[in-house]
Amino acid sequence: MIVGELKIQEVDKPKQWPQYVACTTAALSIMAGATQFAWASPSIPKLLEPDYGLSIEQASYIPLIEPIAMFIFSPIYSKLMDVVGRKQSLLHAGVALIVAWLLLIFSKNLICIYITKVFSGIADACYFSVLPVYIAEVSVPNVRDGFGNILMIMIFGGQFIINCVGYYVDIQLTACTMLSLPLLFLVTFIFMPESPYYCIMKKDYQGARKSLNFLRRIENVDPELEQLKKDMERQLSESGTFKDLFMTKSNRKAIYIANITRMVQQVSGMGTFAVYAQHLFQQAGGDISSGVATMIFTAFLTVTNFYSRFFTTKLGKKMAMVYSSIGCGLALLSESIYFFLDLHTSIDVSSISWFPVLGLVVYVCLAAIGLSPIPNLILGEIFSASIKKKAMTISNMIFAMYLMVFPKIFQILMTNFSLFVPFTIYAICTLLGAIACYFMVPDTTGKTLEEIQQMLKGSD
């Protein structure tokens, strides 16, 4: 009899693996998008060759168009995910990326390359608006906390793939190869469930029950469903205007947290290095070819994020972000010292020409502790259901501005001065960011979405 009771308890215990499946297939969208975002890294050196004949100034606008499109379309997708659902909205990213790769396959025209980045920006607006929300709403706290590293593995894995393929083959063949990723996303994610939170929001309680059955792999989900209904009713009962987003202290604090963490991430060079990696290593010189150096760099970005969950769990999100920012700032400072000695003094550094690659490898190892996974993970956690749509709109438009401004500043400083200058500025800003994170970022590790809301309200 006891054995029978144990078996029943084991069968009724919620499973976590279906949540990982749902989150992983959803995250294929951002992996496919990362290949488009980092496409410029292996492609800009090719675009500067006589076959295309672009100037560095023309090429520098390619990374700018994508965040501009993201800025424009973010409000649309932040609204759309509450109209047609998280799942249906996220599927749009796959379609936009397929169009982008097809344009690159069938045209060598500069205008078509620019249009390609518009569609890539549409995909960015989609998955940056919807994916953090979907992941937060379909997973329990333990899965959600652990998924930050998987999400970044997808992003950096995409960057690694495009740098490997793009270095060895031409632009058209690269596009043909990369087309497989958005197709894979569409054919796998289409079988995943809608967010139970969205179903409850639309009063589709049967849909929410089916979603929870799939995600928990148990029959009796009524206790959780009832709790989610109460949480949603409380959150949706709150006022959710743009005025409330800034006038309510807890909402305002959530906006600060979302944008400070993302700003520190981008001012550390995370997005810039993805776009200009090969060109950067070309400018740095050394015995290692720029393509191989970029592959090493993106490979470490991918691999090191496997251990990020350990630090997030042990340190908590707040201190993981602080320690990671300090470490990355010091790594960038060491890079700036190397470039200063190499470019502005008579000191011979040829015996350590490998240092720029090593320095950035150390940088990515330290970024994996918190700077790379936490900003995107925390975004889906900290906003109340009543304000989430508007908060995601504002946050993603600001993030698009970061993606526009920081890579362009890096290119201007690198072109008109030397690598010493942008690395020094990035190092100082990242170290200052560590201080901001210490005072601003809460620790949401292990908390439900409702507990996080109550924690933010506790500071009102």
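On a predicted model such as this, the values are computed, not experimentally measured, just so you know.

J.: How should I be thinking about the overall build of the protein chain in this particular structure?
T.: Counting its secondary structure elements, the protein chain contains 23 helices and 0 strands. The C-alpha atoms of the protein chain give a radius of gyration of 22 Å, which matches the 23 Å a tight globule of 460 residues would have. Principal-axis analysis of the C-alpha atoms gives the protein chain an extent of 80 × 55 × 50 Å. If you take every contact in the protein chain between residues at least 6 apart in sequence, the share linking residues at least 24 apart comes to 84%. Side chains of the protein chain carry 34 positive and 31 negative charges; the gap between the two charge centres is 6 Å.

J.: I keep staring at the pattern of salt bridges and nothing clicks. Help me out?
T.: A side chain of one charge can pair with a side chain of the opposite charge when the charged atoms of the two come close. What the rule picks out here adds up to 6 salt bridges. Residues Arg-86 and Asp-82 are paired through a salt bridge, measuring 2.6 Å at the closest nitrogen-oxygen approach. A single burial state applies to Arg-86 and to Asp-82, both of which are buried. Across the salt bridge formed by Glu-224 and Arg-216, the nearest N and O atoms sit 2.6 Å from each other. Exposure remark for Glu-224: the relative accessible area of 26% places this residue in the partly exposed category. It is possible to trace a salt-bridge network through shared partners that takes in Asp-82, Arg-86 and Glu-137.

J.: For this particular structure, what's the right way to read the layout of surface pockets?
T.: Here the idea is plain: a probe the size of a water molecule rolls over the atoms and shows the empty space left. Quantified by volume, the largest pocket comes out at close to 230 Å³. If you go around the largest pocket, you meet 15 residues; those closest to its centre are Pro-141, Tyr-197, Glu-224, Leu-228 and Thr-448. Mapped by element, the contributors of at least two residues to the lining of the largest pocket are helix H7 (110-138), helix H8 (141-168), helix H13 (222-237) and helix H23 (449-457).

J.: Looking at this structure, I do not really get empty space enclosed by the protein. What am I missing?
T.: Inspection of the entire model under this criterion finds 4 cavities of 30 Å³ or more. Its volume calculated, the largest cavity comes out at about 220 Å³. Lining the largest cavity are 20 residues; nearest its centre among them are Phe-37, Phe-128, Ile-155, Gln-159 and Phe-399. Those elements giving two or more residues to the lining of the largest cavity turn out to be helix H2 (17-37), H7, H8, helix H15 (249-267), helix H16 (270-284) and helix H21 (388-416). Of the residues belonging to the lining of the largest cavity, the class tally is 12 nonpolar, 6 polar and 2 charged.

J.: For this particular structure, what's the right way to read a nonpolar patch on the surface?
T.: A surface patch of nonpolar side chains, about 500 Å² in accessible area, is lined by Leu-315, Tyr-323, Ile-326, Leu-330, Leu-333 and Ile-337. The residue Tyr-323 is located in helix H18 (residues 308-344) in this model. Its relative accessible area of 45% is what places Tyr-323 among the partly exposed residues.

J.: Where do I start with the packing of aromatic side chains in this structure?
T.: The description of two aromatic rings rests on the distance between their centres and on the angle between their planes. Scanning all chains against the criterion turns up 13 aromatic pairs. An angle of 75 degrees between the planes, with centres 4.9 Å apart, marks the rings of Phe-128 and Phe-399 as edge-to-face. Of this pair, Phe-128 sits in helix H7 while Phe-399 sits in helix H21, and the two are 271 residues apart along the sequence. In this structure, Phe-128 and Phe-399 share a single accessibility class: buried. Note on Tyr-134 and Phe-189: the rings are 5.3 Å apart at their centroids and 80 degrees apart in plane angle, and the pair reads as edge-to-face. Taken together, the residues Tyr-134 in helix H7 and Phe-189 in helix H10 (residues 180-189) connect sequence positions 55 residues apart. One aromatic cluster in this structure is built from Tyr-338, Phe-339, Phe-355, Phe-410, Phe-423 and Tyr-426. For the cation-ring pair, Arg-262 lies above Phe-399, with the distance from its terminal atom to the ring centre recorded as 4.1 Å.

J.: Just checking my understanding: could you explain the nonpolar core for this structure?
T.: The nonpolar side chains of soluble globular proteins are, as a tendency, buried together. Grouped together as the largest cluster of nonpolar side chains are 122 residues, with contacts concentrated most on Phe-273, Tyr-363 and Phe-383. When residues no more than four places from it in sequence are discounted, the contact partners of Phe-273 are Ser-268, Leu-280, Phe-297, Leu-332, Leu-360, Tyr-363, Phe-410, Phe-423 and Tyr-426. Cys-199, Ala-208, Ile-218 and Met-232 belong to the second-largest nonpolar core, a separate cluster that totals 10 residues.

J.: Which parts of the structure should I look at to understand the side chain of Thr-116?
T.: As for its placement among the helices and strands, Thr-116 is situated in helix H7. In this structure Thr-116 touches Gln-36, Ala-100, Leu-103 and Leu-104, once residues within four positions along its chain are discounted.

J.: Please explain helix H22 (residues 420-440) as it appears in this structure.
T.: With 21 residues, H22 extends 30 Å from end C-alpha to end C-alpha; this agrees with the ideal 30 Å at 1.5 Å per step. Within H22, the full set of buried residues consists of Pro-422, Phe-423, Thr-424, Tyr-426, Ala-427, Thr-430, Gly-433, Ala-434 and Cys-437.

Conventions used here
Residues numbered from 1 in each chain as written. Predicted model: local features only at pLDDT ≥ 70, side-chain atom pairs only at ≥ 80, totals over all residues. Heavy atoms only, no water. Helix = DSSP H or I, 4+ residues; strand = E, 2+ residues; numbered from the N terminus. Rg over C-alpha atoms; globule rule 2.2 N^0.38 Å. Contact = heavy atoms within 4.5 Å. Lys, Arg positive; Asp, Glu negative; His and termini not counted. Charge placed at Lys NZ, Arg CZ, Asp CG, Glu CD. Salt bridge = Lys/Arg side-chain N within 4 Å of Asp/Glu carboxyl O. Buried < 20%, exposed > 50% of the residue type's maximum accessible area, 1.4 Å probe, protein only. 1 Å grid on protein atoms, 1.4 Å probe; cavity = no way out; pocket = protein on both sides within 12 Å on 5 of 7 lines; lining within 4 Å. Points joined across faces, edges and corners; volume = space filled by probe spheres on them. Nonpolar A, V, L, I, M, F, W, Y, C, P; charged D, E, K, R; others polar. Patch = residues over 30% accessible without salt bridge, like charges linked within 9 Å, V, L, I, M, F, W, Y side chains within 5 Å. Areas by Shrake-Rupley, 256 points an atom, 1.4 Å probe, with all protein chains shown as cover. Phe/Tyr/Trp six-rings, centres within 6.5 Å; stacked < 30°, edge-to-face > 60°. Lys NZ or Arg CZ within 6 Å of the ring centre and 35° of its normal. Core = buried A, V, L, I, M, F, W, Y, C linked by side-chain atoms within 4.5 Å. Expected span 1.5 Å × (residues − 1).

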